[in-house]
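Listed below are the residues making up each chain.
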Amino acid sequence: MENQVENKTNVFSEEKILNDCREYFSSETEKITEVGERFIQYFLKNASKEGVLFKTIKEITTDINISHQTLTKVLKILESKEIIYRRNGIIGLWKE
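What counts, and at which threshold
- Residues numbered from 1 in each chain as written.
- Predicted model: local features only at pLDDT ≥ 70, side-chain atom pairs only at ≥ 80, totals over all residues.
- Heavy atoms only, no water.
- Helix = DSSP H or I, 4+ residues; strand = E, 2+ residues; numbered from the N terminus.
- Buried < 20%, exposed > 50% of the residue type's maximum accessible area, 1.4 Å probe, protein only.
- Salt bridge = Lys/Arg side-chain N within 4 Å of Asp/Glu carboxyl O.
- Pairing = 2+ DSSP bridges.
- Contact = heavy atoms within 4.5 Å.
- Axes fitted to C-alpha atoms, helices over the stretch in contact; angles between N-to-C directions.
- Core = buried A, V, L, I, M, F, W, Y, C linked by side-chain atoms within 4.5 Å.

Draft legend 1. Up close: the environment of Lys45. Here Lys45 shows up in helix α2 (residues 30-46). For Lys45, a relative accessible area of 67% puts it in the exposed group. Measuring from C-alpha to C-alpha, the distance between Lys45 and Glu14 comes to 9.7 Å, with 31 residues separating the pair along the chain.

Draft legend 2. The pattern of salt bridges, seen in detail. Per the stated rule, a full pass over the model turns up five salt bridges. With its nearest N and O atoms 3.0 Å apart, the salt bridge here joins Arg38 to Glu34. Of this pair, Arg38 and Glu34 both sit in helix α2, separated by four residues, roughly a single helical turn. Overall, Glu34 belongs to the partly exposed group, its relative accessible area being 38%. Among the ionic pairs, Glu79 bridges to Arg86, the shortest N-O distance being 3.0 Å. Judged by its relative accessible area of 33%, Arg86 is partly exposed.

Draft legend 3. Spotlight on the sheet that holds strand β2 (residues 84-87). Reading across the sheet, the three strands line up as β1-β3-β2 and stay open at both edges, with antiparallel pairing between neighbours. Two strands close off the open sheet at either side, each with one partner strand: β1 (52-53) and β2. Pairing between β1 and strand β3 (residues 90-93): two bridges, direction antiparallel. Along β3, the bridge assignment pairs Leu53 with Ile91. Against the sheet, helix α4 (residues 68-80) touches β2 and β3, its axis set at about 115° to β2.

Draft legend 4. Seen up close, the nonpolar core. Ranked by size, the top nonpolar core spans 25 residues in total, and within it Phe39, Ile40, Phe43, Ile60, Leu78 and Ile91 carry the most contacts. Of all the elements in the fold, those that place two or more residues in this core are α1 (14-25), α2, α3 (57-64), α4 and β3. Broken down by element, this core gets its largest block of residues, seven residues, from α2. The residues touching Phe43, leaving out its near neighbours within four places in the chain, are Gly51, Leu53, Ile91, Gly92 and Leu93.

Draft legend 5. Broad picture of the side chain of Thr70. Along the chain, Thr70 turns up in helix α4. Its relative accessible area of 9% is what places Thr70 among the buried residues. Setting aside chain neighbours within four positions, we find Thr70 in contact with Lys31, Ile32 and Val35.

Below, the structure is given as structure tokens:
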């Protein structure tokens, strides 16, 4: 029997997402850029292999120690660039 516990093959390219996000945040303030990078790394680490994160905003702000306002701004930027979408309490990646 195969061990499927750590067989997490993502349907998205982490490198492409990181590079795209770095480009999108390059015109933002240093704080937004830093928080954006931290959020994306957190997202990639905690999202399902399908690219869905089942965490509340409150959980995320607590986990990565950032303000709700700053996270909201980062999420709005990522939504406007169609990197992520938010629906019914989940955050997901748009398909590549």
